[in-house]
Amino acid sequence: MRAIRIHTTGGPEVLCYEDVPTPEPGPGQVRVKVTATGLNYIEMYHRTGLYPQPLPFTPGGEFAGTVDALGPEVSGFALGERVATASGVGGYAEYALAPADKLVAVPEGVDLHLAAAVMLQGMTAHYLAYSTYPLKAGETCLIHAAAGGVGLLLTQIASRLGARVIGTVGSPEKAELARAAGASEVIFYRNEPVAPRVRELTDGRGVDVVYDSVGQDTWEGSLDSLRSRGMMVTFGNSSGPVPAVSPLVLSGKGSLFLTRPTLGHYIATPEDLAWRAGDLFGWIVAGALSVRVDRRFPMSDAADAHIALQGRATAGKVLLVP
Ligand code: NDP
């Protein structure tokens, strides 16, 4: 089969499109014939070595397709069944493996491209708004990169929960998308300092929670945007990782709470996975969640997809199609 492989960490040029053996499912694994693979920022970290992987490897944890083969000890899935995962292995390929307990059936009414587009970023938005800091009606949140993949979904979910969303964006086009998703105010964080603007918009009080995927560049402004005893949720490093921080900083800025969550811990049980994926698929079928696919690249052009995502040129989801 054809697949992307990374032999050495580095820039987008290390993504090689090659002939590789089709993977055999081991115990508890399912082989999926991939219809579409979701591009996620974590693959930038795998490619560059920020999150080290054993070399060589095929990136890609999120994909949707049809069940092609069952490994030993797998039950509950039928050959040809439509499935999706956010926790697979080697998704930048024609065939990829997924642990059966991290695979979900895709219901009628959700096409496989949409399923690949919503699993990882959608379940992330879901756990952030429902579990990490369960948003309540009337609360105010600050969402960075509000027109990004996670951002557009989180903005919709937060505003539907009745929260007021202040979003940051990098361009006027992205501002329009964030507003359409439910942001009541947007801040152009490349040109204007975030915290003073947030104070203005909240009559000096600050927001209840910040959902920060940008990391290094937004860290200070995020802490300074919080109300006393507010919650700082730092969940990504799009601009680089946040440097070490002293807990005393949190007391100085108002007895803040700080968490650094990751999706795996929020879909660790079958119940959590079924809840989050079930809600997302249900909302899509009901027309209550809009999943914006920004663009699709052929799998062979994965390098161009990485360049677009890292270059801040995308708004919403990027898909790779084998
Ligand atoms: P996005 O679609 O949000 O893309 C990144 C966006 O971040 C850009 O479009 C850009 O938006 C903004 N950005 C700000 N500064 C930079 C910079 N220096 N370089 C690049 N982009 C920048 O990506 P995803 O939705 O896939 O992921 C968003 C973040 O969330 C990532 O950091 C990812 O690792 C994290 N994440 C974490 C998870 C978890 O469980 N912890 C799960 C899923 C994602 P703009 O132009 O508007 O500034």
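Small disclaimer: the values here were computed from a predicted structure and weren't measured.

Participant: Break down the overall build of the protein for me, citing the residues and quoting the values.
Facilitator: Assigned secondary structure in the protein consists of 10 helices and 15 strands. Taken over the C-alpha atoms alone, the protein extends approximately 60 × 40 × 35 Å along its principal axes. Taking all 322 residues of the protein together, 55% fall into the buried category. A separation threshold of at least 6 residues defines the contact pool for the protein, and within that pool the share at least 24 residues apart is 67%. Within the structure as shown, the protein displays about 13000 Å² of accessible surface, and the carbon and sulfur contribution to it stands at 54%. Positive and negative side-chain charges in the protein, numbering 26 and 31 respectively, have mean positions lying 5 Å apart.

Participant: Tell me what's going on with the packing of aromatic side chains, and back it up with residues and numbers.
Facilitator: Tallying each qualifying case throughout the model produces 5 aromatic pairs. Seen in terms of ring centroids, tyrosine 45 and tyrosine 51 are 4.8 Å apart; in terms of plane orientation they differ by 55 degrees. Their pairing is tilted. Under the relative-accessibility criterion, tyrosine 51 is labelled partly exposed at 28%. Judged by centre distance (6.1 Å) and plane angle (75 degrees), the ring pair of tyrosine 130 and tryptophan 275 falls under edge-to-face. Of this pair, tyrosine 130 sits in helix α2 (residues 112-132) while tryptophan 275 sits in helix α9 (residues 270-286), placing them 145 residues apart in sequence. Note on tyrosine 130: relative accessible area 27%, which makes it partly exposed.

Participant: I'd like a description of the sheet that holds strand β10 (residues 185-188), backed by residues and values.
Facilitator: The strand order across the open sheet formed by 6 strands is β10-β9-β8-β11-β12-β13, and the pairing between neighbours is parallel. Across the chains shown, the open sheet's two edge strands, defined by having one partner strand only, are β10 and β13 (257-259). Across the sheet, the axes of successive neighbouring strands diverge by a mean angle of 15 degrees, strand direction being ignored. Pairing between strand β8 (residues 140-143) and strand β11 (residues 207-212): 3 bridges, direction parallel. Counted as the bridge partner of cysteine 141 is valine 209 from β11. Lying on the sheet, helix α3 (residues 149-160) is in contact with β8, β9 (164-169) and β11; it crosses β8 at an angle near 175 degrees. Helix α5 (residues 194-201) rests against β8, β9, β10, β11 and β12 (226-234) of the sheet, and its axis sits at about 160 degrees to β10.

Participant: Break down the site of the ligand for me, citing the residues and quoting the values.
Facilitator: Taken together, 29 residues form the shell around the ligand, and within it Tyr127, Gly149, Lys174, Tyr189 and Arg312 come nearest. Residue tyrosine 127 places a side-chain N or O atom 2.7 Å away from an oxygen atom belonging to the ligand. In this structure, an oxygen atom belonging to the ligand sits 2.7 Å away from a side-chain N or O atom of arginine 312. Within the complex, the protein chains bury 93% of what would otherwise be the 910 Å² of accessible surface of the ligand. For the shell around the ligand, the secondary structure elements donating two or more residues are α2, α3 and α10 (302-310). Broken down by element, the residue count for the shell around the ligand peaks at 4 residues, all from α2. Of the residues assigned to the shell around the ligand, the class counts are 13 nonpolar, 13 polar and 3 charged. Formed jointly, the shell around the ligand draws a minimum of three residues from each of two domains, domain 1 (2-119 + 269-321) and domain 2 (136-260).

Participant: Quick rundown of the nonpolar core? Include the residues and the values.
Facilitator: In globular proteins that are soluble, nonpolar side chains generally tend to be buried together. Counting residues in each nonpolar core, the largest one holds 56 residues, and the members touching the most others are Met123, Leu135, Tyr211, Phe281 and Leu289. The two domains that each donate at least three residues to this core are domain 1 (2-119 + 269-321) and domain 2 (136-260). Aside from chain neighbours lying at most four places away, what touches leucine 135 is Ala129, Cys141, Ala158, Leu161, Ala163, Val209 and Tyr211. Ranked by size, the runner-up nonpolar core spans 18 residues in total, among them Tyr41, Phe57, Val318 and Leu320.

Participant: Could you give an account of the side chain of threonine 218, naming the residues involved and the relevant values?
Facilitator: For threonine 218, the position within the fold is in the loop between β11 and α6 (219-223). The exposure class of threonine 218 is buried, given its relative accessible area of 8%. Among the polar contacts listed, one links the side chain of threonine 218 to the side chain of aspartate 212, at a separation of 2.9 Å.

Participant: Explain the pattern of salt bridges to me, using residue names and the numbers behind them.
Facilitator: Throughout the structure, instances matching the rule amount to 16 salt bridges. With a closest N to O distance of 3.1 Å, arginine 205 and aspartate 208 form a salt bridge. Between arginine 292 and aspartate 294 there is a salt bridge, with the nearest N and O atoms lying 3.1 Å from each other. A residue is classified by how much of its surface remains accessible, and aspartate 294, at 22% relative accessible area, is partly exposed. Via salt bridges that share partners, Glu24, Arg31 and Asp68 belong to a single interconnected network.

Rules and cut-offs
For every chain, the first residue of the written sequence is number 1, and numbering continues from 1 onward in sequence order. Given that this is a predicted model, residues contribute local features only at a pLDDT of at least 70 and side-chain atom pairs are listed and counted only at 80 or more, while totals for whole chains, interfaces and linings are drawn from all residues. Excluding hydrogens and water, the side-chain figures rest on all heavy atoms present in the structure. Think of it this way: any DSSP run of H or I at least four residues long counts as a helix, any run of E at least two long counts as a strand, and we number them from the N terminus. Using a 1.4 Å probe on the protein chains alone, a residue whose accessible area is under 20% of its type maximum counts as buried, one over 50% counts as exposed, and one in between counts as partly exposed. By definition in these notes, contact holds between two residues if any of their heavy atoms fall within 4.5 Å. Exposure was quantified through the Shrake-Rupley algorithm and a 1.4 Å probe, taking into account, for residues, occlusion by the shown protein chains and nothing else. Lys and Arg are tallied as positive, Asp and Glu as negative. Neither His nor the chain termini are counted. To locate a charge, take atom NZ for lysine, CZ for arginine, CG for aspartate or CD for glutamate. Stacked, edge-to-face and tilted labels apply to pairs of Phe, Tyr and Trp rings (six-membered ring for Trp) whose centres lie within 6.5 Å, assigned for plane angles under 30 degrees, over 60, and everything in between, in that order. Following DSSP output, two strands are said to pair if at least two bridges run between them. To define axes, lines are fitted to C-alpha atoms, for helices over the stretch in contact only, and angles between the resulting N-to-C directions are given on a 0 to 180 degree scale. For each residue, the test is whether any non-hydrogen atom lies within 4 Å of the molecule or strand; if one does, the residue is near. Residues adjacent in sequence count toward polar contacts only when both atoms are side-chain atoms; beyond that, a polar contact is any pair of N or O atoms within 3.5 Å, and within protein one must be able to donate a hydrogen and the other to accept it. Residue type decides the class: Asp, Glu, Lys and Arg count as charged, Ala, Val, Leu, Ile, Met, Phe, Trp, Tyr, Cys and Pro as nonpolar, and the leftover types, Gly among them, as polar. Domain extents, as shown, originate in an automatic or database domain assignment. Working definition of a nonpolar core: buried Ala, Val, Leu, Ile, Met, Phe, Trp, Tyr and Cys residues. They are joined through side-chain atoms within 4.5 Å. For salt bridges, the criterion is a side-chain nitrogen of Lys or Arg within 4 Å of an Asp or Glu carboxyl oxygen.

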